[in-house]
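Structural overview for review
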Amino acid sequence: MLSWFARKKKGDERSQSVFLGETSIPGDIVVYAIGDIHGRADLLENCLVAIQRDPVDSGIAKRIVYLGDYIDRGPESRKVIDMIREMDNAGVRQTKIIGNHEEFLLRFLNNPEEGTSWLSYGGAETLLSYGVGMPAGVLSAGKLAKVAEDLRSRMEGSGHLVFLQQLEEAVTIGDYCFVHAGINPDRSLEKQIPEDLRWIREPFLTHTGGFEKVIVHGHTITDEPEFRPNRIGIDTGAYYSGRLTCLRLQGRQYSIM
């Protein structure tokens, strides 16, 4: 994995607390942050087409940042990963962040007996997308191990297991930090732990003070994108609402595509 925390340059006298109205993205890029996809390949396709068609000035590069939770709940988890990998192959610069659902799947592969909660948390839909059926009757240890073995085989054969294992924890670009769930307000960015980055809700969501960067995150579903002085939440429940949110950031401007 790449190092995700961009430390301040020596001599940088900017405040430790950054608020939305003061933030900017480097002038040579446009960033598109995509919220939780959850197996909705149809919505992702619409989003990627819109990004490709979005006009930018000559010399400006496009960069896509995915905020995690590519899989589970929706019907096409496998296709979602295929589409993202195809964009990589096409030369589009992309950063893929790990979500708590990807963590759940990896834990299931490593310890099937403790993975029954993942199956009821959207994992059953992911199995079907890989052509792995759920066994009938009580899920014994042996049955769970067979399911995990079959899923691992399909994911290794498609390159998807490596994809999941190489996901980033977070990335900073300009005055923004992109994560899946949020950060612990009591820790500096460089001291955040994976559990919080993938799972946290409180005390992050109700924190009113500034962070070192404005935090762009998913994980917590809201009816509309949520803009706060210190964070932007863009999980609009794509798997059931039919709305996958893409945040466009350029210079000091931000908008929802």
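Let me begin by describing the structure that accompanies this report.

How each quantity is defined
- Residues numbered from 1 in each chain as written.
- Predicted model: local features only at pLDDT ≥ 70, side-chain atom pairs only at ≥ 80, totals over all residues.
- Heavy atoms only, no water.
- Helix = DSSP H or I, 4+ residues; strand = E, 2+ residues; numbered from the N terminus.
- Rg over C-alpha atoms; globule rule 2.2 N^0.38 Å.
- Buried < 20%, exposed > 50% of the residue type's maximum accessible area, 1.4 Å probe, protein only.
- Contact = heavy atoms within 4.5 Å.
- Areas by Shrake-Rupley, 256 points an atom, 1.4 Å probe, with all protein chains shown as cover.
- Lys, Arg positive; Asp, Glu negative; His and termini not counted.
- Charge placed at Lys NZ, Arg CZ, Asp CG, Glu CD.
- Expected span 1.5 Å × (residues − 1).
- Arc of directions from axis to C-beta.
- Axes fitted to C-alpha atoms, helices over the stretch in contact; angles between N-to-C directions.
- Parallel < 35°, antiparallel > 145°, perpendicular 65-115°, else oblique.
- Left-handed = near helix turned anticlockwise from the far one by under 90°.
- Nonpolar A, V, L, I, M, F, W, Y, C, P; charged D, E, K, R; others polar.
- Pairing = 2+ DSSP bridges.

A few words now on the overall build of the chain. Check the secondary structure of the chain and you find eight helices and ten strands. Computed over the C-alpha atoms, the radius of gyration of the chain is 19 Å, within 12% of the 18 Å expected from 2.2 N^0.38 for a compact globule of 257 residues. Buried positions account for 52% of the 257 residues belonging to the chain. Taking the intrachain contacts of the chain between residues at least 6 apart in sequence as the baseline, contacts between residues at least 24 apart amount to 67%. Accessible surface, the chain: about 11,800 Å² in total, of which carbon and sulfur atoms supply 48%. For the chain, the distance from the average site of its 30 positive side-chain charges to the average site of its 36 negative ones is 3 Å.

Along its 13 residues, helix α1 (residues 41-53) runs 18 Å from first to last C-alpha, staying within 8% of the 18 Å computed at 1.5 Å per residue. Buried within α1 are the following residues: Ala41, Leu43, Leu44, Cys47, Leu48 and Ile51. All buried residues of α1 fall inside an arc of 155° around its axis, so they share one side. Facing away from the buried side of α1 by more than 90 degrees, the exposed set consists of Asn46 and Arg53. Where α1 is buried, its residues meet β1 (29-34), β2 (61-66), α2 (77-89), α8 (238-241) and β9 (246-250).

Two packed helices can be described by the angle between their axes and the distance between those axes. For the pair helix α4 (residues 116-129) and helix α5 (residues 141-158), interaxial distance at closest approach is 13 Å and the crossing angle is 40°. Between α4 and α5, the angle falls in the class oblique. When you trace α4 past α5, the crossing you get is left-handed. Facing α4, whose interface residues are Thr116, Trp118, Leu119 and Leu127, α5 presents Leu144, Val147 and Leu151. A per-class count over the contact of α4 with α5 returns six nonpolar, one polar and no charged.

Attention now goes to the sheet that holds strand β10 (residues 253-256). Read from one edge of the open sheet, five strands run β3-β2-β1-β9-β10, paired in mixed fashion. Edge strands, defined here as strands with exactly one partner in the open sheet, are β3 (93-96) and β10. Direction aside, the axes of adjacent strands within the sheet are offset by 20° on average. Pairing between β1 and β2: six bridges, direction parallel. For valine 30, the partnering residue across the bridge sits in β2 and is lysine 62. In this fold α1 packs onto β1, β2 and β9, with an angle of close to 160° to the strand it touches most, β2. Docked against the sheet, α2 engages β2 and β3, running at close to 145° with respect to β3.

Purely geometric stuff here, so don't read any function into it on its own.
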